[in-house]
Amino acid sequence: MSRRGAIYACALALLCVSPALAAASGNQGVKVATVATGLHIPWEIAFMPDGSALVTERPGTVRLLTVAGKLERQPVAQLQVSVQGEGGLLGLALDPKFAHNRYVYLYFTTADEMRLERWKLAGNRLRRQESLVTGIKSGQVHDSGRIAFGPDGRLYVATGDAGEPALAQDPISLNGKFLALSPHQYRGAGGRPEIISSGHRNPQGFDWQLGTNRLFATEHGPSGFDGPEGDDEINEIVEGRDYGWPTVIGTGNPGFTDPIQLYEAPIAPAGATFVKRPGSSWRGSFIFACLRGQELRRLVLNGDTVVSDEALFTGRYGRLRTVVESPGGALYVLTSNTDGRGIARPGDDRILRITPPRRGGA
């Protein structure tokens, strides 16, 4: 199907939503506070059991955000990374048994490949233990970079096409895929991960739906140099499926899995989370940050159908890289205005704490 035909078809199915038409009602009753300022291209934040958090910065540092909300000046770790293009220190995830083993997983770019490594937090320092995966190509663009543990105990890794679209359809390549490592691999010596899905251009965020454990992900569509600009996607990731890139874009393509939401105008959807906090009026919503769109978006799902799509804080804080739910139920958002693509404001980059409204207005 042509791009115009795909857009027309998904418009009929109410799947394409223009940012200009999204409702703003989700802003009502929401509280926003700046927790920390002066970060250098923050990319990921992960909370520890005591309520403190680790934050990655793309130039190669891991920072500590204390329980009191203070960003420590001295890094917890300093990595040698390649910062070419969109690369650097990206994903971070804590082992499901972190309270016992103190394992932390880091995902970053070198000059020619992505590295997934296991580190261990000892006192206030991270110490490198093991390189887990090799053979994921890095590039000037489309390094993806998000990692997270699934309900099944596996470590999931999203990879981009590294600027070489054909890799996404290459069954041997680990690029343009969702991957998974078993506990034996990520707590041991690593090894080749299982390929979960293929045909991905640049997935930037993912999380599992409350109650169903279905995996949903954001993905950047073409940027003009590798296809018609736009067509950012929200996908349900199902094992064994092919999501089409670069063979097809849009919807209605036999043999490939359609996105559940398609954005004609580019918004560059990034990190994402499902709201799980009991009593929150956003509970069950899929929230994701947008870089080019400079907003949060809140999707309400009924099965695999999007029944509501709201744009929040459009333009207020600039480019947003990710959103994570804290143990206390607040959403922590990282801005990305010092990455060379945004307009840095005084205090940028920053960590924001967003408190969703309580159910019933309480």
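Residues numbered from 1 in each chain as written. Predicted model: local features only at pLDDT ≥ 70, side-chain atom pairs only at ≥ 80, totals over all residues. Heavy atoms only, no water.

Peer 1: Is there a simple way to explain the overall build of the chain in this structure?
Peer 2: Helix and strand counts for the chain come out as three helices and 24 strands. Taken against the 2.2 N^0.38 rule, which gives 21 Å for 362 residues, the C-alpha radius of gyration of the chain at 19 Å falls within 12% of a compact globule. For the chain, the spread of C-alpha atoms along the principal axes amounts to about 55 × 50 × 40 Å. A burial count over the chain gives 59% of its 362 residues as buried. Within the chain, counting contacts between residues at least 6 apart in sequence, those at least 24 apart form 55% of the total. (Helix = DSSP H or I, 4+ residues; strand = E, 2+ residues; numbered from the N terminus. Rg over C-alpha atoms; globule rule 2.2 N^0.38 Å. Buried < 20%, exposed > 50% of the residue type's maximum accessible area, 1.4 Å probe, protein only. Contact = heavy atoms within 4.5 Å.)

Peer 1: Can you help me understand unusual backbone geometry in this one?
Peer 2: Trans peptide bonds make up the majority, and among non-glycine residues the majority have a negative phi. With an omega dihedral of -5°, the bond running from Trp-245 to Pro-246 counts as a cis peptide bond. Relative to the helices and strands, Pro-246 resides in the loop between β16 (232-237) and β17 (261-263). Looking along the chain, the bond that leaves Asp-348 and enters Asp-349 is cis, with omega of -10°. Its identity is not glycine, yet His-142 carries a phi of approximately 60°, on the positive side. Relative to the helices and strands, His-142 is located in the loop between β9 (125-137) and β10 (147-149). Despite not being glycine, Asp-231 shows a phi value in the positive range, around 60°.

Peer 1: Which parts of the structure should I look at to understand a positive patch on the surface?
Peer 2: Among the surface-exposed residues, Arg-277, Arg-283, Arg-358 and Arg-359 lie close enough to one another that they form a single positively charged patch. By the element assignment, Arg-359 lies in the segment after β24 (351-355). (Patch = residues over 30% accessible without salt bridge, like charges linked within 9 Å, V, L, I, M, F, W, Y side chains within 5 Å. Areas by Shrake-Rupley, 256 points an atom, 1.4 Å probe, with all protein chains shown as cover. Salt bridge = Lys/Arg side-chain N within 4 Å of Asp/Glu carboxyl O. Lys, Arg positive; Asp, Glu negative; His and termini not counted. Charge placed at Lys NZ, Arg CZ, Asp CG, Glu CD.)

Peer 1: Sorry, what's going on with the sheet that holds strand β7 (residues 103-109) here?
Peer 2: In a beta sheet, neighbouring strands pair by backbone hydrogen bonds and run either parallel or antiparallel. Within the open sheet, the four strands sit side by side as β6-β7-β8-β9. Their pairing is antiparallel. What marks the edges here is a single partner per strand, and that holds for β6 (89-94) and β9. Strand-to-strand twist across the sheet, computed as the mean angle between neighbouring axes with direction ignored, equals 20°. Note: β7 against strand β8 (residues 113-122), seven bridges, orientation antiparallel. (Pairing = 2+ DSSP bridges. Axes fitted to C-alpha atoms, helices over the stretch in contact; angles between N-to-C directions.)

Peer 1: Where do I start with the environment of His-220 in this structure?
Peer 2: Relative to the elements of secondary structure, His-220 occurs in the loop between β15 (215-219) and β16. Leaving out residues up to four positions away in the same chain, His-220 has contacts with Arg-201, Asn-202, Gln-204, Asp-232, Ala-268, Pro-269 and Leu-291.

Peer 1: Help me out: how do you make sense of the environment of Thr-110 in this one?
Peer 2: By the secondary structure assignment, Thr-110 is in the loop between β7 and β8. The exposure class of Thr-110 is buried, given its relative accessible area of 13%. Along the sequence, Thr-110 and Val-141 sit 31 residues apart, while their C-alpha atoms lie 13 Å from each other. Residues in contact with Thr-110, not counting those within four places in the same chain, are Ser-82, Gln-84, Arg-115 and Ser-138.

Peer 1: Where do I start with the sheet that holds strand β18 (residues 269-274) in this structure?
Peer 2: Read across the sheet, four strands follow the order β18-β19-β20-β21 without closing on themselves; strand pairing throughout is antiparallel. Of all strands in the sheet, those with a lone pairing partner are β18 and β21 (305-312), marking the two edges. The sheet shows a mean angle of 25° between the axes of neighbouring strands, direction not considered. In this structure, β18 lies alongside strand β19 (residues 286-290), joined through four bridges in antiparallel fashion.

Peer 1: I would appreciate a short explanation of the packing of aromatic side chains in the present structure.
Peer 2: Ring pairs (aromatic) are described by centroid distance and by the angle formed between their planes. Applying the stated criterion across every chain, the model contains 13 aromatic pairs. Seen from their ring centres, Phe-149 and Tyr-186 are 5.0 Å apart, and the 75° between their planes marks the pair as edge-to-face. With Phe-149 in strand β10 and Tyr-186 in helix α3 (residues 183-186), this residue pair connects regions lying 37 residues apart in the sequence. Residue Tyr-186 is classed as buried on the basis of its relative accessible area, which comes to 1%. Arranged with centres 5.3 Å apart and planes meeting at 75°, the rings of Phe-178 and Phe-206 form a pair that is edge-to-face. Residue Phe-178 is found in strand β12 (residues 177-181), and its partner Phe-206 is found in strand β14 (residues 203-208); the two are separated by 28 residues along the sequence. (Phe/Tyr/Trp six-rings, centres within 6.5 Å; stacked < 30°, edge-to-face > 60°.)

Peer 1: What am I meant to see in the pairing of β16 here?
Peer 2: With six of its six residues buried, β16 lies for the most part within the structure. Side-chain alternation along β16 places Asp-232, Ile-234 and Glu-236 on one buried face and Glu-233, Asn-235 and Ile-237 on a second face that is also buried. With five bridges joining them, β15 and β16 adopt antiparallel strand pairing. By the bridge assignment for β16, Ala-217 is matched with Asn-235.

All quantities given are derived from atomic positions and should not be read as evidence of function.
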